[in-house]
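# Descriptive structure summary
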Amino acid sequence: NRPQGPNLPLTNFDLTNIACDDGLSTTASTFNIGTRTATFKLDPGETVKCTFTNTQRGKIIVEKQTNPEGSSQNFEFDTNYGSNFFLTDNQTNDSGFIVPGTYSVTELTPAEWDLVSATCSDGSNPSSINLAAGEIVTCVFTNTQRGHILIDKVTDPAGDSQSFDLTLTGGPSTLNQSFSLTDTATPHDSGAILPGSGYSASETVPAGWDQTGANCSDGSPVNNINVSPGETVTCTFTNQ
């Protein structure tokens, strides 16, 4: 048994229209969407039908994915339907029920990360999500973390002051770095670079020295260093 009285709102529905079919009558029926009521004005012999139309609200779910998996990095999101929020890998944010319309979600991408994809389940662009009545749209933002290459110099005997000229080139970031290191110098940092292969490190061996080792911490050859997402690869050049 439904309660009696004006059209009562249902959960997650909005009354969006009331229309009565006697609009041309000299005593037309009236309605008020705000109070959700229709007042019938029935003339002799007249049949009046008033139609109440309700529109169901929808939801937007934002999901975060990172490469490498399981990163603790916080990502901030800006929307036009609510307050900013933060997500880490595999977390989601639920907009709650909102009226159908066009909405936007924007990620504020942190340093050393690249947004590689942002897709919504209904094909909408995240900057213009077309939320239909009763629809739940899931938008997934996927980011890949950049990596680093460290070049370290080791000499035998240890602590020698000889300076060695080295280069770090190529790869997806098209590096072109030249630098010099001594045995006691801080290793050279490539800076944040795109993951991938094809990075190459080399040194110019000065007179009176031999290169006795050139290897990288992840097993990559120094002339084809492969950097995984979020990885720091240390390549050590040893001279005697």
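Use the structure listed above.
Residues numbered from 1 in each chain as written. Predicted model: local features only at pLDDT ≥ 70, side-chain atom pairs only at ≥ 80, totals over all residues. Heavy atoms only, no water.

### Structural notes on the state of the cysteines
One pass over the full model with this rule turns up three disulfides. Note that Cys120 is cross-linked by a disulfide to Cys139, the S-S spacing being 2.1 Å. Since a negative S-S torsion denotes a left-handed disulfide, the Cys120-Cys139 link at about 100 degrees is right-handed. Note that Cys120 is positioned in strand S11 (residues 113-120) and Cys139 in strand S13 (residues 136-145), a separation of 19 residues in sequence. The exposure class of Cys120 is buried, given its relative accessible area of 10%. Each sulfur of the disulfide joining Cys216 and Cys235 lies 2.1 Å from the other. The sign of the 100 degrees torsion about the S-S bond sets the Cys216-Cys235 disulfide as right-handed. Separated by 19 residues along the polypeptide, Cys216 in strand S19 (residues 211-216) and Cys235 in strand S21 (residues 232-239) bring together distant segments of the chain. (Disulfide = S-S within 2.5 Å. Helix = DSSP H or I, 4+ residues; strand = E, 2+ residues; numbered from the N terminus. Buried < 20%, exposed > 50% of the residue type's maximum accessible area, 1.4 Å probe, protein only.)

### Topic: the packing of aromatic side chains
Applying the stated criterion across every chain, the model contains five aromatic pairs. Where Phe75 meets Trp113, the ring centres are 5.2 Å apart and the plane angle is 80 degrees; that geometry is what we call edge-to-face. Of this pair, Phe75 sits in strand S6 (residues 75-79) while Trp113 sits in strand S11; the two residues are 38 residues apart in sequence, bridging distant segments of the chain. The exposure classification of Phe75 matches that of Trp113, with both residues buried. Note on Phe164 and Trp209: the rings are 5.3 Å apart at their centroids and 80 degrees apart in plane angle, and the pair reads as edge-to-face. Here Trp209 lies in the loop between strand S18 (196-204) and S19 and Phe164 lies in strand S15 (residues 164-170), a separation of 45 residues in the sequence. Comparing Phe164 with Trp209, the two get one shared label, buried. Through successive ring pairs, a cluster of aromatic residues spans Phe77, Phe85 and Phe141. If you follow Lys64 out to its NZ or CZ, it ends over the ring of Phe75, 4.2 Å from the centre. (Phe/Tyr/Trp six-rings, centres within 6.5 Å; stacked < 30°, edge-to-face > 60°. Lys NZ or Arg CZ within 6 Å of the ring centre and 35° of its normal.)

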